[in-house]
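Tertiary structure, described
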There are 2 protein chains.
Amino acid sequence: MSEDAASAGLLSDTPAPGVADVRAAAVRIAPHVHLTPVMRCTAIDDMLGARVHFKCENLQKVGAFKFRGACNTLLSLTDAQIESGIATHSSGNHGAAVALAARLRGTSSVVVMPSNTSAVKQAAVAHYGARIVHCEPNEQSRTETLEGVLAEEGRTLVHPFDDVRVIAGQGTAALEFLEQVPDLDIVMAPVGGGGLLSGTATVVAALSPRTRIIGAEPAAADDTFRSFRAGHIIPVGVPDTIADGLRTTVGELTFPIIRKHVADIVRVSEDAIVEAMRLTWQRTKLVIEASAAVPLAALLEGAVDVRDARVGIILSGGNVDLDALPW
Amino acid sequence: MSEDAASAGLLSDTPAPGVADVRAAAVRIAPHVHLTPVMRCTAIDDMLGARVHFKCENLQKVGAFKFRGACNTLLSLTDAQIESGIATHSSGNHGAAVALAARLRGTSSVVVMPSNTSAVKQAAVAHYGARIVHCEPNEQSRTETLEGVLAEEGRTLVHPFDDVRVIAGQGTAALEFLEQVPDLDIVMAPVGGGGLLSGTATVVAALSPRTRIIGAEPAAADDTFRSFRAGHIIPVGVPDTIADGLRTTVGELTFPIIRKHVADIVRVSEDAIVEAMRLTWQRTKLVIEASAAVPLAALLEGAVDVRDARVGIILSGGNVDLDALPW
């Protein structure tokens, strides 16, 4: 962590990256990640009476922003850690991201996945070269299985979000975004564990302080919304949302950053998520996953006043089972 | 038509645009069209052992390259023609393109559409402001209905492909493409009426003569393939292909240009079209329509030797009924 981060004065004393860490991450991962394009869509602008810029992390390697954080973390590990291999748990994009990042570093990876994970997602993780270890589809089994792998095989954990290297890596998307569209009034990102939102907030608060940072969350998994209002983390129950990337409880490291910099967390219905996902496919010709549609869903439901505003939305990912579309 | 075109020495004496006409079209339409991005996909490259560059005309206005030709034509009409309004026939993208181009010129448009055209496509055409006139779903009714509209209302026809202004407009996609990727070994485009392929051929033959130009066509609508080999136009019967943009017979103006400059026309199966469409969605996160998948389908079937080649594919459009996907 840099001087810059230390001086950021977080509400709690948990570690947090500063914008200098994000800049360092951007340099570190530059040879390996895509500088993703930003797109606009006249039809969506007209519909909302706003100017909406979509940062296309669905076009990132492995089809999601997750590769930024995984790549930054893998490139930050010591030679000894690399030699012993890495491990993580994931039911989706983070697993694929870690697998590819591990391959780039020439090391092996293990991804703990619930036994009921879809074949498509398991295939993606396996495609990038990870060994999959199954667990029961509950948190206790997942934790125990992962701890077993870490202990027995001496592997290093790459956390899906609660790690300053991961947060700094995810923040590189916002760093690019602000360079591509410097005058945003509002920046929105979906929030699950909070890695993307906290990384985005770190960058935007430092470099564009007048820009409002808003997180969007499924109402069916609204732990961050409730935690944000309560001032402490309220764990999510058993969330039943189509936005499968956002079922996690916000993290110990990500939450204080979100609390400090984010203007608001808004909630959306499942119907709006599906509508926003479909609208994006139809109008922008971009395949996005349900989790990526959550910020636009909030705009469709009028949860944020965006009239005449320049809005930036991070489309977090595009990994979808084309045989199980929600319409 | 420019000097350049006149000196191009076509096989027949039908009019044809030259590269100077395409350059003029590019300048003319520049304020109104998107400079579409070019994308690559590691997974598809690895699969084919080639370097494939996708020119994303699915991200063009109205979701298809068709807007280029319609826009160039509308901007080339006289004030008197504009005053009397325009008309065309289309079961899809050309109708939407003409409607939007007419709106930009502040004139009215009529689009003759078969009565069985899908509601989605009719809605798109209506959305851009055209008046729809229905005909029976056969060529005779379509021609008679359109001729009636032209005669009774004094409107000017904007042909879907057989017009030098339309061909020059479609060629602007290739003009951009060669600037974005200057060293292509092969350029591929789908072929229906031949507007895109002839425009592409006009540009590529003039500016990158070592690049092989290849048209791809559904085997179920292989009139251009057969015409190319016969040396004269053999009309298509009643084509039954999912690639609904490619059901038309190649044109009187487009065919001589294709014959002169195109290295080969290859045919693909319906299964390969669906596979290529799905692969593109899954891997590139781009929504493309079946017609746009035809060149990649040819590569999947091994119809073109692309090993170690730099291949450019024009993704012609992305307008799809999301409620009727072919898988």
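Residues numbered from 1 in each chain as written. Chains lettered and ligands numbered in written order. Predicted model: local features only at pLDDT ≥ 70, side-chain atom pairs only at ≥ 80, totals over all residues.

1. A few points about the overall build of chain A
- The secondary structure content of chain A amounts to 14 helices and 10 strands.
- Judged by the C-alpha coordinates and their principal axes, chain A covers about 55 × 50 × 40 Å.
- For chain A, with 327 residues in total, the buried portion stands at 58%.
- A separation of at least 24 residues holds for 74% of the contacts in chain A among residues at least 6 apart in sequence. (Helix = DSSP H or I, 4+ residues; strand = E, 2+ residues; numbered from the N terminus. Buried ≥ 20, exposed ≤ 12 C-beta atoms within 10 Å, placed from the backbone. Contact = placed C-beta atoms within 7 Å.)

2. Observations concerning the sheet that holds strand 3 (residues 86-89) of chain A
Residue and element names in this part refer to chain A.
- Spatial ordering of the open sheet is given by 5-4-3-6, a layout of 4 strands whose pairing is parallel. Of all strands in the sheet, those bounded by a partner on one side alone are strand 5 (131-135) and strand 6 (156-157).
- Bridge analysis of strand 3 against strand 6 gives 2 bridges, and the strand direction is parallel. What sits directly across from Ala 87, in strand 6, is Leu 157.
- Running at roughly 165 degrees to strand 4 (residues 109-114), helix 8 (residues 139-153) makes contact with strand 3, strand 4, strand 5 and strand 6 of the sheet. (Pairing = 2+ DSSP bridges. Axes fitted to C-alpha atoms, helices over the stretch in contact; angles between N-to-C directions.)

3. Section: the sheet that holds strand 5 (residues 131-135) of chain B
Residues and elements named next belong to chain B.
- A sheet is described by the order of its strands in space; here 4 strands give the open sequence 5-4-3-6, paired in parallel fashion. Sheet topology places strand 5 and strand 6 (156-157) at the edges, where each strand pairs with a single neighbour.
- Relative to strand 4 (residues 109-114), strand 3 (residues 86-89) runs parallel, the two being bridged by 4 bridges. Residue His 89 lies in a different strand from strand 4, and its bridge partner there is Val 112.

4. Thoughts on the relation of the copies chain B and chain A
- For the match of chain B to chain A, the screw axis carries a shift of 0.0 Å, the RMSD comes to 0.0 Å, and the turn is 180 degrees. Overall, the copies show the geometry of a two-fold rotation axis. Closest approach to the rotation axis among the C-alpha atoms of chain B is made by Leu 286 of chain B, whose C-alpha sits 2.5 Å away.
- Looking at the interface residues of chain B, 100% of them are also at the interface in chain A, so both copies use one shared face. (Least-squares fit on C-alpha atoms with pLDDT ≥ 70 in both.)

5. Comments concerning the environment of Ala 80 of chain A
Residue and element names in this part refer to chain A.
- Following the sequence through the fold, Ala 80 ends up in helix 5 (residues 79-84).
- Assessed through the 9 C-beta atoms surrounding it within 10 Å, Ala 80 is described here as exposed.
- When the C-alpha atoms of Ala 80 and Gly 148 are compared, they prove to be 20 Å apart, with 68 residues separating the residues in sequence.

6. A short note on the domain arrangement of chain A
All names here are of chain A.
- The domains assigned to chain A are domain 1 (3-64 + 163-315) and domain 2 (66-157).
- For domain 1 and domain 2, the distance between their C-alpha centres works out to 24 Å.
- Listed per partner, the contact involves 20 residues of domain 1 and 17 residues of domain 2.
- If you list the elements that add at least two residues to the side of domain 1 that touches domain 2, you get helix 2 (19-29) and helix 9 (164-180). (Domains from an automatic or database assignment.)

7. Some details on helix 13 (residues 270-284) of chain B
Residue and element names in this part refer to chain B.
- Here helix 13 is 15 residues long and its end C-alpha atoms lie 21 Å apart, about the 21 Å a rise of 1.5 Å per residue gives.
- Along helix 13, the residues classified as buried are Ala 272, Ile 273, Ala 276, Met 277, Thr 280, Trp 281 and Thr 284.
- Against strand 1 (38-39), strand 2 (51-56), strand 8 (212-218), strand 9 (264-268) and helix 14 (294-300) lie the buried residues of helix 13.
- At the C-terminal side of helix 13, Lys 285 shows a positive phi close to 65 degrees. (Expected span 1.5 Å × (residues − 1).)

8. Quick look at the pairing of strand 2 of chain B
Residue and element names in this part refer to chain B.
- With 5 of 6 residues buried, strand 2 lies mostly within the body of the structure.
- Bridging between strand 1 and strand 2 involves 2 bridges; their strand directions are antiparallel. Its bridge partner lying in strand 2, Val 38 is registered against Lys 55.
- Strand direction decides the pairing type here: strand 2 and strand 10 (residues 310-315), joined by 6 bridges, are parallel.

9. Section: the packing of helix 4 (residues 66-76) of chain A against helix 9 of chain A
All names here are of chain A.
- Contact geometry for helix 4 and helix 9: axes closest at 7 Å, N-to-C directions at 130 degrees. Judged by the inter-axis angle, helix 4 sits oblique to helix 9. The hand of the helix 4/helix 9 crossing is right-handed. Touching Arg 68, Gly 69, Cys 71, Asn 72, Thr 73 and Ser 76 of helix 4 are Arg 165, Val 166, Ala 168, Gly 169, Gln 170, Thr 172 and Ala 173, all from helix 9.
- The residue makeup of the contact of helix 4 with helix 9, split by class, is 4 nonpolar, 7 polar and 2 charged. (Parallel < 35°, antiparallel > 145°, perpendicular 65-115°, else oblique. Left-handed = near helix turned anticlockwise from the far one by under 90°. Nonpolar A, V, L, I, M, F, W, Y, C, P; charged D, E, K, R; others polar.)

10. Some remarks on unusual backbone geometry
- With a phi close to 65 degrees, Asp 308 of chain A is a non-glycine residue in the positive phi region.
- By the element assignment, Asp 308 of chain A lies in the loop between helix 14 (294-300) and strand 10 (310-315).
- Judged by local crowding, Asp 308 of chain A falls into the exposed class, with 9 C-beta atoms found within 10 Å.
- The phi dihedral of Val 62 of chain B falls on the positive side, at around 60 degrees, and the residue is not glycine.
- Looking at the secondary structure, you find Val 62 of chain B in the loop between strand 2 and helix 4 (66-76).

11. A word on the environment of His 34 of chain A
All names here are of chain A.
- Mapped onto the fold, His 34 is located in the loop between helix 2 and strand 1 (38-39).
- Since 16 C-beta atoms lie within 10 Å of it, His 34 is described here as partly exposed.
- Once the C-alpha coordinates of His 34 and Phe 225 are considered, the two residues, 191 residues apart in sequence, prove to be 31 Å apart.
- Those residues within four positions of His 34 in sequence are excluded, and the remaining contacts are Leu 59, Gln 60 and Lys 61.

12. Description of the environment of Ser 227 of chain A
Residues and elements named next belong to chain A.
- Its location among the elements puts Ser 227 in helix 11 (residues 223-230).
- Taking C-alpha positions, Ser 227 is 34 Å from Ala 130, a pair spaced 97 residues apart along the chain.
- Sequence-distant contacts of Ser 227, defined by excluding residues within four places in its chain, comprise His 232, Ile 233, Ile 234, Val 250 and Phe 255.

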